[in-house]
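# Overview (structure and organization)
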Amino acid sequence: MSTKNTSRRTFIADAAKTTAAVALSATVIPALAKITNEKSSYLVKNIPYSQQPLPYGYKDLEVAIDAMTMEIHHTKHAAAYAKNLNEAVVAEKVDISSVSLESLLGKISKYSPKLRNNGGGHFNHEFFWQSMTPKSSLKPEGKLLAQIEKDFGSFDAFKTKFADAGKTRFGSGWAWLVVSSDKKLVIGSTPNQDNPLMDVSELKGTPLLGLDVWEHAYYLRYQNKRPDYITAWWSVVNWDVVTKRFEETI
Ligand code: MN
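What you see is a predicted model; the values in this text were computed from it and never measured.

## Quick notes on unusual backbone geometry
A positive phi angle, near 65 degrees, is found at K183, a position not held by glycine. Here K183 is to be found in the loop between β1 (173-179) and β2 (185-191). Located in the positive-phi region is N192, a residue other than glycine, with phi close to 55 degrees. Position of N192 relative to the elements: it lies in the loop between β2 and β3 (206-212).

Spelled out as structure tokens, the structure:
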């Protein structure tokens, strides 16, 4: 680390501490509180309509994603999707007390582009935050690893295929690992803020892992080098959460 970056790094670290504290002090709804006790993870069926506190600080994923990117991504980009989603559900008279976000996305063709873009944007980001941890095991175990090896040949072959899905997604979008309706693991990608839960999506299934490949997710550190961001990202994948999501499907 060169000395010329010291003050900038100190500033970022201080800013991250402050904002992480603010994020963690946000009101936690009762349904989430229960799940938060279980290793701070919630699963596909439990993603609320509002933005939730991150389970780590903005600087905690530095090995892959810098603190400033995390902060801007969470407090600006993702926050805007949540705000716009809540405007859209009011305007389109969706009763969010009785319709889960997951089931709403499953019939998103009936709603406006605003609800599609922001419902997807909010779901995808909450899902993404929960898919990462500063203490990654780097590799799954047990049934999930066995299924990955069965469907892709090896864990390394899976990583290559998933990374390729992210690298080749033209423009903005997401790479995904999903469980298909016939219980196979499938890798693919979606454009914009679409996701595999949506009835309009070409890739369909229950998502286990999603990677944001929009430039806003990596540009400050990686600029045009999306493949380098993807390579680094493996070091923060939360395989415990991915495994829980997989276990929900079997
Ligand atoms: Mn994003």
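Further notes follow.
## Re the coordination of the manganese ion
H73 (NE2), H125 (NE2), D212 (OD) and H216 (NE2) make up the full set of protein donors to the manganese ion, lying at 2.0 to 2.1 Å. The sequence pattern formed by the donor residues of the manganese ion is H-x51-H-x86-D-x3-H. One end of the pair, H125, is in helix α5 (residues 113-130); the other, D212, is in strand β3, and 87 residues separate them in sequence. A relative accessible area of 0% means that D212 is categorised as buried.

## Things to note about the packing of helix α3 (residues 67-91) against α5
Packing of α3 against α5 brings their axes to within 8 Å, and their N-to-C directions diverge by 140 degrees. With respect to their mutual orientation, α3 and α5 come out oblique. For the element pair α3 and α5, the recorded crossing hand is left-handed. For the pair α3 and α5, contact is made by M70, H73, H74, A78, A80, Y81, A82, N84, L85, E87, A88 and V89 and by K114, L115, N117, N118, G119, G121, H122, H125, F128 and W129, respectively.

What counts and how
- Residues numbered from 1 in each chain as written.
- Predicted model: local features only at pLDDT ≥ 70, side-chain atom pairs only at ≥ 80, totals over all residues.
- Heavy atoms only, no water.
- Helix = DSSP H or I, 4+ residues; strand = E, 2+ residues; numbered from the N terminus.
- Donors = N, O, S within 2.8 Å, 3.2 Å for Na, K, Ca; no water.
- Buried < 20%, exposed > 50% of the residue type's maximum accessible area, 1.4 Å probe, protein only.
- Axes fitted to C-alpha atoms, helices over the stretch in contact; angles between N-to-C directions.
- Parallel < 35°, antiparallel > 145°, perpendicular 65-115°, else oblique.
- Left-handed = near helix turned anticlockwise from the far one by under 90°.
- Contact = heavy atoms within 4.5 Å.

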